[in-house]
Amino acid sequence: AHSRFNPIRLPTTHEPASSETPVLDINGDEVRAGGNYYMVSAIWGAGGGGLRLAHLDMMSKCASDVIVSPNDLDNGDPITITPATADPESTVVMASTYQTFRFNIATNKLCVNNVNWGIQHDSASGQYFLKAGEFVSDNSNQFKIELVDANLNFYKLTYCQFGSDKCYNVGRFHDPMLRTTRLALSNSPFVFVIKPTDV
(Lines give C-alpha, C1' and ligand atoms only; values in the text may rest on other atoms or scores of the structure.)
Protein backbone atom coordinates (compact mmCIF):
# COMPACT_ATOMS: atom_id res chain seq x y z
CA ALA A 1 0.00 0.00 0.00
CA HIS A 2 1.28 3.43 -0.87
CA SER A 3 1.94 5.54 2.22
CA ARG A 4 0.15 8.87 2.39
CA PHE A 5 2.99 10.25 4.48
CA ASN A 6 6.18 11.95 3.35
CA PRO A 7 9.07 9.70 4.46
CA ILE A 8 11.30 12.74 4.98
CA ARG A 9 9.24 13.87 7.98
CA LEU A 10 10.93 13.08 11.26
CA PRO A 11 8.80 11.59 14.03
CA THR A 12 8.66 13.68 17.18
CA THR A 13 10.95 12.75 20.02
CA HIS A 14 9.54 13.39 23.46
CA GLU A 15 8.96 11.63 26.72
CA PRO A 16 5.34 10.53 26.80
CA ALA A 17 3.44 12.15 29.65
CA SER A 18 1.61 10.00 32.12
CA SER A 19 -1.91 9.15 31.02
CA GLU A 20 -2.94 10.70 34.33
CA THR A 21 -1.77 14.18 33.29
CA PRO A 22 -4.74 16.46 32.54
CA VAL A 23 -4.43 19.24 29.99
CA LEU A 24 -4.79 22.66 31.67
CA ASP A 25 -6.06 25.96 30.33
CA ILE A 26 -4.42 29.36 30.94
CA ASN A 27 -6.16 29.59 34.33
CA GLY A 28 -4.73 26.26 35.46
CA ASP A 29 -8.14 24.57 35.21
CA GLU A 30 -8.57 21.13 33.67
CA VAL A 31 -9.76 21.17 30.06
CA ARG A 32 -13.17 19.55 29.99
CA ALA A 33 -14.05 16.99 27.33
CA GLY A 34 -16.65 18.45 24.99
CA GLY A 35 -16.16 22.01 26.26
CA ASN A 36 -15.49 25.02 24.06
CA TYR A 37 -11.99 26.49 24.01
CA TYR A 38 -9.65 28.66 21.96
CA MET A 39 -6.23 27.37 20.91
CA VAL A 40 -4.01 30.46 20.76
CA SER A 41 -0.35 30.84 19.82
CA ALA A 42 1.87 30.92 22.90
CA ILE A 43 4.23 33.29 21.06
CA TRP A 44 3.26 36.94 20.91
CA GLY A 45 4.38 39.34 18.23
CA ALA A 46 5.12 37.44 15.05
CA GLY A 47 3.43 34.37 16.52
CA GLY A 48 -0.10 35.45 15.72
CA GLY A 49 -3.31 34.65 17.55
CA GLY A 50 -5.78 31.79 17.65
CA LEU A 51 -6.83 29.14 15.14
CA ARG A 52 -9.56 29.88 12.64
CA LEU A 53 -11.48 27.96 9.99
CA ALA A 54 -10.85 29.69 6.66
CA HIS A 55 -12.03 29.27 3.07
CA LEU A 56 -8.79 29.37 1.08
CA ASP A 57 -9.73 26.89 -1.65
CA MET A 58 -12.30 28.53 -3.90
CA MET A 59 -12.90 25.15 -5.60
CA SER A 60 -14.26 23.81 -2.31
CA LYS A 61 -17.86 24.46 -1.29
CA CYS A 62 -16.99 24.52 2.42
CA ALA A 63 -14.33 26.29 4.47
CA SER A 64 -11.73 23.63 5.25
CA ASP A 65 -8.41 25.34 6.00
CA VAL A 66 -7.03 25.82 9.51
CA ILE A 67 -5.08 29.06 9.81
CA VAL A 68 -3.33 31.01 12.55
CA SER A 69 -4.90 34.46 12.89
CA PRO A 70 -2.31 37.18 12.18
CA ASN A 71 -3.77 39.26 15.03
CA ASP A 72 -2.33 38.57 18.50
CA LEU A 73 -5.58 39.75 20.10
CA ASP A 74 -7.77 37.40 18.03
CA ASN A 75 -8.54 34.23 19.96
CA GLY A 76 -9.85 32.51 16.82
CA ASP A 77 -12.85 30.20 16.51
CA PRO A 78 -14.19 28.01 19.34
CA ILE A 79 -12.87 24.44 19.30
CA THR A 80 -14.28 21.35 20.99
CA ILE A 81 -11.85 18.64 22.15
CA THR A 82 -13.22 15.17 22.80
CA PRO A 83 -11.33 12.01 23.81
CA ALA A 84 -11.21 9.61 20.87
CA THR A 85 -12.15 6.67 23.07
CA ALA A 86 -15.88 6.20 23.51
CA ASP A 87 -15.45 6.09 27.28
CA PRO A 88 -18.42 7.89 28.85
CA GLU A 89 -16.30 8.42 31.97
CA SER A 90 -13.89 10.66 30.05
CA THR A 91 -14.73 14.10 31.39
CA VAL A 92 -11.23 15.61 31.30
CA VAL A 93 -8.84 15.90 28.35
CA MET A 94 -5.61 14.04 29.12
CA ALA A 95 -2.20 14.79 27.64
CA SER A 96 -0.63 12.24 25.27
CA THR A 97 -3.92 10.48 24.58
CA TYR A 98 -5.91 10.43 21.34
CA GLN A 99 -8.35 13.29 20.90
CA THR A 100 -10.83 14.49 18.29
CA PHE A 101 -10.95 18.21 17.46
CA ARG A 102 -13.69 20.14 15.71
CA PHE A 103 -14.62 23.75 15.22
CA ASN A 104 -17.80 24.70 17.05
CA ILE A 105 -19.07 27.42 14.73
CA ALA A 106 -22.20 28.09 12.72
CA THR A 107 -22.05 26.87 9.12
CA ASN A 108 -24.56 26.49 6.33
CA LYS A 109 -26.45 23.19 6.08
CA LEU A 110 -24.15 21.88 3.37
CA CYS A 111 -21.05 22.27 5.55
CA VAL A 112 -22.47 21.43 8.97
CA ASN A 113 -20.36 18.25 9.27
CA ASN A 114 -17.22 19.70 7.70
CA VAL A 115 -15.70 20.91 10.96
CA ASN A 116 -13.73 17.86 12.15
CA TRP A 117 -9.93 18.02 12.03
CA GLY A 118 -7.85 15.66 9.94
CA ILE A 119 -4.64 15.60 7.91
CA GLN A 120 -4.79 15.84 4.12
CA HIS A 121 -1.95 15.75 1.59
CA ASP A 122 -1.67 18.66 -0.83
CA SER A 123 0.07 17.55 -4.02
CA ALA A 124 0.83 21.10 -5.21
CA SER A 125 2.90 22.04 -2.15
CA GLY A 126 3.85 18.56 -0.95
CA GLN A 127 2.55 19.50 2.50
CA TYR A 128 0.29 17.52 4.81
CA PHE A 129 -2.15 20.18 5.94
CA LEU A 130 -4.42 20.23 8.94
CA LYS A 131 -7.86 20.43 7.32
CA ALA A 132 -11.45 20.47 8.49
CA GLY A 133 -13.90 18.03 6.95
CA GLU A 134 -16.26 15.21 7.69
CA PHE A 135 -15.42 12.87 10.55
CA VAL A 136 -13.23 9.91 9.53
CA SER A 137 -12.25 7.72 12.48
CA ASP A 138 -8.76 6.71 11.30
CA ASN A 139 -7.90 10.36 10.53
CA SER A 140 -9.96 12.53 12.90
CA ASN A 141 -9.19 10.50 16.02
CA GLN A 142 -5.40 10.58 15.65
CA PHE A 143 -4.38 13.82 17.40
CA LYS A 144 -2.66 14.22 20.76
CA ILE A 145 -1.98 17.25 22.94
CA GLU A 146 1.57 17.09 24.31
CA LEU A 147 2.98 19.16 27.18
CA VAL A 148 5.77 21.59 26.22
CA ASP A 149 6.10 23.72 29.39
CA ALA A 150 4.35 22.69 32.60
CA ASN A 151 4.98 26.06 34.30
CA LEU A 152 3.26 28.06 31.56
CA ASN A 153 0.75 25.42 30.39
CA PHE A 154 2.22 25.49 26.88
CA TYR A 155 1.25 22.61 24.59
CA LYS A 156 1.82 21.30 21.09
CA LEU A 157 -0.31 19.15 18.81
CA THR A 158 0.88 15.89 17.30
CA TYR A 159 -0.70 13.66 14.68
CA CYS A 160 -0.12 9.92 14.81
CA GLN A 161 -0.43 7.82 11.70
CA PHE A 162 -3.25 5.28 12.06
CA GLY A 163 -1.96 1.83 12.97
CA SER A 164 1.51 3.15 13.75
CA ASP A 165 3.29 4.59 16.77
CA LYS A 166 4.89 7.34 14.66
CA CYS A 167 3.70 10.80 15.62
CA TYR A 168 4.42 14.08 13.83
CA ASN A 169 4.38 17.66 15.07
CA VAL A 170 1.68 19.94 13.73
CA GLY A 171 3.42 23.25 13.01
CA ARG A 172 3.18 26.45 11.02
CA PHE A 173 3.40 26.64 7.24
CA HIS A 174 3.71 30.14 5.83
CA ASP A 175 1.85 30.07 2.52
CA PRO A 176 3.44 32.77 0.32
CA MET A 177 0.79 32.51 -2.37
CA LEU A 178 -2.14 33.03 0.00
CA ARG A 179 -0.17 35.21 2.44
CA THR A 180 -1.42 33.30 5.42
CA THR A 181 -0.09 30.91 8.05
CA ARG A 182 -1.59 27.44 7.90
CA LEU A 183 -1.02 24.36 10.04
CA ALA A 184 0.74 21.35 8.57
CA LEU A 185 2.89 18.41 9.65
CA SER A 186 6.26 19.92 10.51
CA ASN A 187 9.50 19.33 12.40
CA SER A 188 8.82 22.47 14.48
CA PRO A 189 5.58 22.44 16.48
CA PHE A 190 2.95 25.15 16.79
CA VAL A 191 3.09 25.91 20.53
CA PHE A 192 -0.20 27.09 21.99
CA VAL A 193 -2.17 27.83 25.12
CA ILE A 194 -5.79 26.88 25.69
CA LYS A 195 -8.28 29.56 26.68
CA PRO A 196 -11.85 28.96 27.81
CA THR A 197 -14.29 30.76 25.52
CA ASP A 198 -15.75 32.82 28.38
CA VAL A 199 -12.54 34.86 28.88
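A brief report on the enclosed structure follows. (Residues numbered from 1 in each chain as written. Predicted model: local features only at pLDDT ≥ 70, side-chain atom pairs only at ≥ 80, totals over all residues. Heavy atoms only, no water.)

Considering the pairing of strand β7 (residues 128-133)
Each regular strand displays side chains that alternate between the two surfaces of the sheet. As a reminder, the rule being used: Throughout, exposure labels follow a simple rule: accessible area from a 1.4 Å probe, protein chains only, divided by the maximum for the residue type, with under 20% read as buried, over 50% as exposed, and the rest as partly exposed. Each helix is a run of H or I in the DSSP string that is no shorter than four residues. Each strand is a run of E no shorter than two, and both are numbered from the N terminus. Here a strand pair is declared whenever DSSP counts at least two bridges between the two strands.
Burial within β7 is extensive, with six of its six residues counted as buried. In this structure, strand β6 (residues 116-121) lies alongside β7, joined through six bridges in antiparallel fashion. If you follow Ile119 over to β7, its bridge partner there is Leu130. Linking β6 back to β7 in an antiparallel pair, the connection comprises six residues, with Gly126 at a positive phi of about 80°.

Considerations on the state of the cysteines
Spelled out, the test is: Any two cysteine sulfur atoms within 2.5 Å of one another count as a disulfide.
Inspection of the entire model under this criterion finds two disulfides. Between the sulfur atoms of Cys62 and its disulfide mate Cys111 the distance is 2.0 Å. Taking the torsion about the S-S bond as the criterion, the Cys62 to Cys111 disulfide, at about -90°, is left-handed. In this pair, Cys62 is assigned in the loop between β2 (51-54) and β3 (65-68) and Cys111 in the loop between β5 (98-103) and β6, connecting sequence segments 49 residues apart. Classification of Cys62 as buried rests on a relative accessible area of 7%.

What about the side chain of Glu146?
Keep this limit in mind: Charged-residue counts in this description rest on Lys and Arg as positive and Asp and Glu as negative, His and the chain ends being excluded. By convention in these notes, a salt bridge is any Lys or Arg side-chain nitrogen within 4 Å of a carboxyl oxygen on Asp or Glu. Polar contact is the term for a pair of N or O atoms within 3.5 Å; when the atoms are in protein, one must be able to donate a hydrogen and the other to accept it, and sequence-neighboring residues count only if both atoms are side-chain atoms.
On the secondary structure map, Glu146 appears in strand β8 (residues 143-149). Salt bridges are absent for the buried Glu146, whose nearest opposite-charge side chain, Lys144, sits at 5.1 Å. At a separation of 2.5 Å, a polar atom in the side chain of Glu146 contacts the side chain of Ser96.

Digging into the pairing of strand β12 (residues 191-196)
Among the six residues that make up β12, six are buried, leaving the element largely enclosed by the rest of the structure. In β12, alternate side chains face the same way, and those of Val191, Val193 and Lys195 on one face and Phe192, Ile194 and Pro196 on the other are all buried. Direction of pairing for strand β1 (residues 36-41) relative to β12: antiparallel, over a ladder of five bridges. For Tyr38, the partnering residue across the bridge sits in β12 and is Lys195. The pairing of strand β9 (residues 154-160) with β12 spans two bridges and is classified as antiparallel. When the sheet's bridge partners are listed, Lys156 is paired in β12 with Val191.

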